[in-house]
Amino acid sequence: MFRRPDFLWVYAVIFIAFLYGPVLLMPIFSVNDGNFATFPLKGFTLRHYSSMAANTSMMLALQNSLKIAILVAVLSTTLAIPAALAITRFRLPGAGPIVSFMMLPLVIPSIVMGVALLVIILKFLGIQLSLWTVASGHILICLPYCMSVLMSRLEGFDPSLEEASRDLGCNAWQTFVRVTLPLAMPGVISSLLMGFIISFDEFVIAFFLTGTENTLPVYLYSQLRFPNKLPGTLALGSLILLVSAVFVVLAEIIRKRGVQSGNPGDL
Amino acid sequence: MTTSSAIERAGARRDPAILRKRLAGYGLLSPALVLMILMLALPVLALVLMSFWTQNGFELDRSFTLDNYRQLVATSDEPTYWMGIPFPFAYPVPAILMLKSLGMSLAATVAVIAVAYPMAYFMAFRVTHNKALWIILITIPFWTSYLLRVFSWKIVLGFNGAINSGLKYLGLIDEPLEFLLYNPTAVVITLSHAWVAFAILPIYVSLEKIDRTLLEAASDLGDSRLKRFFRITLPLSAPGTIAASLLVFIPTVGDYVTPALVGGPGGTMIGSLVQDLFLKQNNAPMGAAVSIVMMLIIAFLVGLFLWAIGYRKLRSRRA
């Protein structure tokens, strides 16, 4: 790989170090036997991790986040599948502006979406804030991601396979279940994983829309102010980073394999 | 519009099979679209409506008034100075924070593009094996918790942080450097780091799409590598680079997590004010007005920028 060592290679290595360096300090200090995130390191310990299980408010927040993330992943993928099909398989007039509109949450500052949802929920609809309101806000920001993953997957395989299925006597639903869905599976799985991880990590909208119950990022934010809670926060942060990284790698591998493999049905 | 597509359209209007198919298509699209309208368009409308109301203590006055906007632009004879710039407003905080946020986001965007472009170039032109691995390596940080990525800079730059304790341990300093954290520079550094992964992919995609024979042709016709870069690579990758800069600039103007964690009192941004108006000062109508004005200013600046560089021409040239 280093056949042509040049400035760009050096730059790439430095860049990756810059990208990962600050974040990797978190796991390093989380196993450090001290109460501050300072050098020199004092010794290895897992006590910050073992004390997490006894922290009931943290465990409750974790449960809430898991529930919301699973619900959001499933619902936004379920909504995104037919929508992505409509965009890629039907030549709809106005599809361009519609897709642009649906991608808007990618560029609107999340604080604006947060306060806009807060206003309509509290002042117009009079609904109490709860985990449900957080989940609905998360579906809004996950949909564009799920849509783009599914659209690129659906564009990636030959529509003549679906035509063949219809010619052989399947109706639209049978074609979808027997041909389209299996072929789109890598996209569906990666959409589920992405929806999960976006919701699981999301802070700003959850911060505005949550009622009395915390999600994990909201709990984490409330802990960041207290220096004496730092080691526990670092341990929790490291675990969240690990979970996110594993999910992203899985999602990417499944998606890439689906796109690259010669056999379009391969997972 | 060409004649053939006009005929096609006229035919589609009459052909019941195509009409049915379109109807089915809209049917499939509608659940997601209706949800987006209910959860994005309507809330934004509600926010606009709210900005015309006023808050009197605990009472929300729902009569239509421009008071909030009037308050934002009300002038005062004694201007407030920030960085030597006079702000002739009676309530100068929003205007100052807006200008400051735009400046900080612009600085972060320029830094992000400067750092991301060579990396995207490297991935598009230098990496021959394991391209997917590099892409995953770039993607992971972008998907991991924004909150944690920002917080990690607090650990790096903090009073008792990694840099200070490391330098102290090495005997290079006696007292912790206080200027590292809680200032606008810390916010700009943190924003750049948090968003840089976001910018690489669009630039990479536009570089990857460049027809390699164009580069060969330029070399064959006598261009040096540097000249070739400025005449072919840079112009052809401009749409991706512009998209990347907007993807970074627009959301960072309204960010408030970063100023809250590493900004300190001097590093606050317009998002901090919106959050404060809604959650602490209990003045949602004013918060709504500030958010709306912020969105309008961002939209205006982005439109102006795209017009100034001739984005339409740029895109159509590629097509």
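The shown structure was predicted, so the numbers you read here are calculated from the model rather than taken from an experiment.

### Observations regarding the overall build of chain A
(1) Moving on: Scanning chain A from terminus to terminus reveals eleven helices and zero strands.
(2) Moving on: Scanning chain A from its N terminus toward the C terminus, one meets helices and strands in the order α-α-α-α-α-α-α-α-α-α-α.
(3) Moving on: Long-range contacts, defined here as pairs at least 24 residues apart, represent 78% of the contacts in chain A between residues at least 6 apart.

### Re helix H4 (residues 93–126) of chain B
(1) Moving on: Here H4(B) is 34 residues long and its end C-alpha atoms lie 48 Å apart, about the 50 Å a rise of 1.5 Å per residue gives.
(2) Moving on: At B:Ala116, H4(B) shows its largest kink, close to 25 degrees, and the proline B:Pro118 lies no more than four residues downstream.

### Focus on the environment of B:Tyr81
(1) Moving on: Mapped onto the elements, B:Tyr81 comes out in strand E3 (residues 75–82).
(2) Moving on: A sequence separation of 15 residues divides B:Tyr81 from B:Ile96, and the C-alpha atoms of the two residues are 9.0 Å apart.

### What to know about the pairing of strand E4 (residues 85–89) of chain B
All names here are of chain B.
(1) Moving on: Inspection of the sheet shows E3 paired to E4 by four bridges, in the antiparallel sense. Within E4, the position partnered with Thr-80 by the bridge is Phe-87.
(2) Moving on: The hairpin formed by E3 and E4 contains two residues between the paired strands, and Met-83 there has a positive phi angle of roughly 55 degrees.

### A few points about unusual backbone geometry
The bulk of non-glycine residues show a negative phi, and the bulk of peptide bonds are trans.
Residues and elements named next belong to chain B.
(1) Moving on: A positive phi angle is found at Met-83, which is not glycine, with a value near 55 degrees.
(2) Moving on: Topologically, Met-83 is positioned in the loop between E3 and E4.
(3) Moving on: Judged by the 8 C-beta atoms lying within 10 Å of it, Met-83 falls in the exposed class.
(4) Moving on: Located in the positive-phi region is Asn-130, a residue other than glycine, with phi close to 55 degrees.
(5) Moving on: Here Asn-130 lies in the loop between H4 and helix H5 (131–143).

### Observations concerning the nonpolar core
(1) Moving on: In this structure, A:Val115, A:Leu143, B:Ala116, B:Ala199 and B:Ile200 are the most contacted members of the largest nonpolar core, which totals 159 residues.
(2) Moving on: Looking at which element gives the most residues to this core, the answer is helix H8 (residues 184–208) of chain B, with 16 residues.
(3) Moving on: Residue-level mapping places this core at the junction of two domains, with at least three residues from each of domain 1 (3–50) and domain 2 (76–318) of chain B.
(4) Moving on: In contact with B:Ala116, other than residues within four places in its own chain, are B:Val196, B:Ala199, B:Ile200, B:Ile203 and B:Ala244.

### Some points on the interface of chain A and chain B
(1) Moving on: On the chain B side, the residues contacting the 64 residues of chain A number 72 residues.
(2) Moving on: Listed by contribution, the elements that provide at least two residues to the side of chain A that touches chain B are helix H1 (7–30), helix H3 (56–89), helix H4 (95–102), helix H5 (110–124), helix H6 (131–155), helix H8 (172–201), helix H10 (216–224) and helix H11 (230–260) of chain A.
(3) Moving on: Sorting elements by how many residues they give to the side of chain A that touches chain B places H1(A) first, with 13 residues.

### With respect to the domain arrangement of chain B
(1) Moving on: The domain boundaries assigned to chain B delineate domain 1 (3–50) and domain 2 (76–318).
(2) Moving on: Placing the centre of domain 1 of chain B and that of domain 2 of chain B at their C-alpha centroids yields a distance of 35 Å.

Reading the values: rules and limits
Residues numbered from 1 in each chain as written. Chains lettered and ligands numbered in written order. Predicted model: local features only at pLDDT ≥ 70, side-chain atom pairs only at ≥ 80, totals over all residues. Helix = DSSP H or I, 4+ residues; strand = E, 2+ residues; numbered from the N terminus. Contact = placed C-beta atoms within 7 Å. Expected span 1.5 Å × (residues − 1). Bend = angle between axes of the 7 residues up to and from the residue. Pairing = 2+ DSSP bridges. Buried ≥ 20, exposed ≤ 12 C-beta atoms within 10 Å, placed from the backbone. Core = buried A, V, L, I, M, F, W, Y, C linked by C-beta atoms within 7 Å. Domains from an automatic or database assignment.

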